[in-house]
Amino acid sequence: MYECFNCGGNLKFDIARQQLYCEYCGTLADPYSVCKERDAEETVMPGGEEGEYEVTVFTCPQCGGEILSEDTTAATFCSFCGASTILDSRISRTRRPGYILPFTRTKEDCKAAYGKMMRRAFFAPKELKDETLIEKFRGIYMPYWVYTFEKKSGISFPGKKTRRRGDYLITDHYRLECQVEAKYSGMAYDASSAFSDSLSGAIAPFDLRQGKEFAPSFLSGFYADASDVEKYVYLQEAEDIVVRHAAGQLARDSVCRKYHAEAIGDGQRIRNALRPDERTSVLAMLPVWFLSYRNGDRVSYAVVNGQTGKAAADLPVDMKKYLAGSGILAVPLFLLLNLFLTITPGKILLIAALLAVLCILISNRQMNHILARESGEDDKGLASVRPVSGADAAGWQRRRRIRRTGSGTFLKVFGMILLMYGFVLVPSFLFRALGGAMGGGKTRGARMLMYAAVTLAVGYGSMRVFQRLMGSSGRESQGKKSFWGGHFKEKWRTLLKPLAGIVLAAVILLANPVSDWFYYIGAFACMGTVLWAILDIIRQHNMLTTRRLPQLNRRGGDENE
């Protein structure tokens, strides 16, 4: 606590005034002019890097999380697990940041930004819009590693020009040289394993030009999280972004375009030449308004950028609201389709099967993300403090590769649609053509054998296409094993429901019964599996937008005012 010079009250940093302010007597003080005796006791960490400063550390007894404060009053609310409990406190020393970006958005600004975002969240649970919960927004300074890259040297890379002479193409090769003077600064990545990469990225960027030299008095009235992610974790990622941008800028130069430098090795030669000569990093404290919502054994977070007011949140879906809204929307859609489309029983069945295929794609992607999030694999900071090794590390890398390539892009969705049509229609058309050529009666057995052979051939081809679409190859046995033996092992119960509807639709379409009742019964059954799969998808979405209660050696607590 920083005592007021006049009345002995608590001086807190006032966002509007950008100074320390005493709410009892109105005294204002510059943050750099106020210090406690222990603020001056700075030590140097090994390696001669950042120093340390002394703070009060509050620890949550339920999740083990820690939060830093300059205030010694009891904190009664953990921001990271949502527990309402008295947090244990102790005096400790922690790494001193290089600079701090003070809050410029007040709590009222934060609540307004959150409210604006929630007005578009029609299916969000009503608890997330409750004023009592919104009042629990807390100002927390989150640690970030800020990287600077510099390149001041000459570089050389290959170029080429191709011209035609008669029937020949002649290619001339060149060595291009230039002097590069470039500097990139302000590449910020969160340095707390408790702050997910997805949320920190959603509220970026911060204008780091407004940063100020760190002084502990800036924390008065707020909380701060301690850094536990080392600077090397995001260094390569930040450098790659810088190099790609610099290479893009250089590739647009008229000389590089003339000699097609970017086309050689897909531009890798230029990127290698542009690797920075100097790399520096500094720890900074950046302002974030933080809110947690706990539901059973799951917790979701909402964050607001304390400088720009940009808001982001994990927003679960209320199942009742979603089903009611879908039912209301289904009525005009049904009437509209009934007016403009003539739907035959076969088309109804095909549409139902198509929806089932889309459910499989969406559900597969959701399950991949759930498995990655639950294990911490989609967060570099968290993975760095919970490293995997040996076979687990190899499996992780394989799963990451498969998740990336099977992420459900438009082309892959379109390919799966074509795959479904091919699997259902091609055998049927071939069977009818062969049946017409062979005739009936005695050739019925031969026709059935031909039908089975065609179905197996198309099925095998479809399976191979499916593997390619999902990022697996028969030649890559490790990736194949990872998908079918790893992720698929956890997902098959969920994917089996819409798959059963597709199989039923395929059987009916291939059998081509005379009575329309078979098509209608098949369509209703297939749509039943689709509805079941949609409910699963909603549950999967809610798992993605909530997280398991953190079990931390250190991290987050907050006060419930």
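Figured I'd write up the structure that's included with this text.

1. Structural notes on the overall build of the protein chain
Scanning the protein chain for helices and strands turns up 14 helices and 17 strands. Counting all 561 residues of the protein chain, 46% fall into the buried class. Of all intrachain contacts in the protein chain linking residues separated by at least 6 positions in sequence, the fraction that spans at least 24 positions is 75%. Just so you have it, the protein chain exposes about 29100 Å², and 58% of that area is on carbon and sulfur atoms.

2. Here's the deal with the layout of surface pockets
One number sums up the size of the largest pocket: a volume of about 980 Å³. Around the largest pocket sit 22 residues that line it, and Ala330, Phe334, Leu337, Leu355 and Met527 are the ones nearest its centre. Listed by contribution, the elements that provide at least two residues to the lining of the largest pocket are α7 (319-340), α8 (345-375) and α14 (516-544). Split by residue class, the lining of the largest pocket holds 19 nonpolar, three polar and no charged.

3. With respect to the sheet that holds strand β4 (residues 28-29)
Taken together, the four strands give an open sheet; going across it, the order is β1-β2-β3-β4, and neighbouring strands pair in antiparallel fashion. Where the open sheet ends on each side, the last strands, each with one partner, are β1 (2-3) and β4. Across two bridges, β1 lies against strand β2 (residues 10-14) in antiparallel orientation. Paired with Tyr2 across the two strands is Leu11, which belongs to β2.

4. Thoughts on the side chain of Asp225
Within the fold, Asp225 resides in the loop between β13 (223-224) and α4 (235-251). Residue Asp225 is classed as buried on the basis of its relative accessible area, which comes to 0%. In this structure the side chain of Asp225 is engaged in a polar contact, spanning 2.6 Å, whose partner is the side chain of Ser192.

5. Looking at a positive patch on the surface
On the surface, Lys126, Lys129, Lys320 and Lys321 cluster together into a patch of positive charge. On the secondary structure map, Lys129 appears in the loop between α1 (107-118) and α2 (131-134).

6. Observations regarding the pattern of salt bridges
Counted under the stated rule, the structure contains 14 salt bridges. Among the ionic pairs, Glu135 bridges to Lys107, the shortest N-O distance being 3.8 Å. Taken as a pair, Glu135 in the loop between α2 and β10 (138-165) and Lys107 in helix α1 lie far apart in primary sequence, 28 residues in all. Taking the relative accessible area as the measure of exposure, Glu135 reaches 35% and is therefore partly exposed. Each of Lys107, Glu108, Lys111 and Glu135 takes part in salt bridges that share partners, so that together they form one network.

7. Some details on the nonpolar core
Counting 40 residues, the largest nonpolar core has Leu11, Tyr114, Phe137, Tyr141 and Trp289 as the members making the most contacts within it. Looking at this core, the elements with two or more residues in it are β2, β3 (19-22), β6 (51-59), α1, α2, β14 (278-295) and β15 (298-305). Examining the composition of this core, we find that five residues originate from one element, α1, more than from any other. Listed in part, the 26 residues of the second largest apolar core include Tyr147, Leu176, Ala246 and Ala273.

Calculation rules
- Residues numbered from 1 in each chain as written.
- Predicted model: local features only at pLDDT ≥ 70, side-chain atom pairs only at ≥ 80, totals over all residues.
- Heavy atoms only, no water.
- Helix = DSSP H or I, 4+ residues; strand = E, 2+ residues; numbered from the N terminus.
- Buried < 20%, exposed > 50% of the residue type's maximum accessible area, 1.4 Å probe, protein only.
- Contact = heavy atoms within 4.5 Å.
- Areas by Shrake-Rupley, 256 points an atom, 1.4 Å probe, with all protein chains shown as cover.
- 1 Å grid on protein atoms, 1.4 Å probe; cavity = no way out; pocket = protein on both sides within 12 Å on 5 of 7 lines; lining within 4 Å.
- Points joined across faces, edges and corners; volume = space filled by probe spheres on them.
- Nonpolar A, V, L, I, M, F, W, Y, C, P; charged D, E, K, R; others polar.
- Pairing = 2+ DSSP bridges.
- Polar contact = N/O pair within 3.5 Å; in protein donor to acceptor, adjacent residues only side chain to side chain.
- Patch = residues over 30% accessible without salt bridge, like charges linked within 9 Å, V, L, I, M, F, W, Y side chains within 5 Å.
- Salt bridge = Lys/Arg side-chain N within 4 Å of Asp/Glu carboxyl O.
- Lys, Arg positive; Asp, Glu negative; His and termini not counted.
- Charge placed at Lys NZ, Arg CZ, Asp CG, Glu CD.
- Core = buried A, V, L, I, M, F, W, Y, C linked by side-chain atoms within 4.5 Å.

As far as function goes, none of this settles anything; it's purely spatial.
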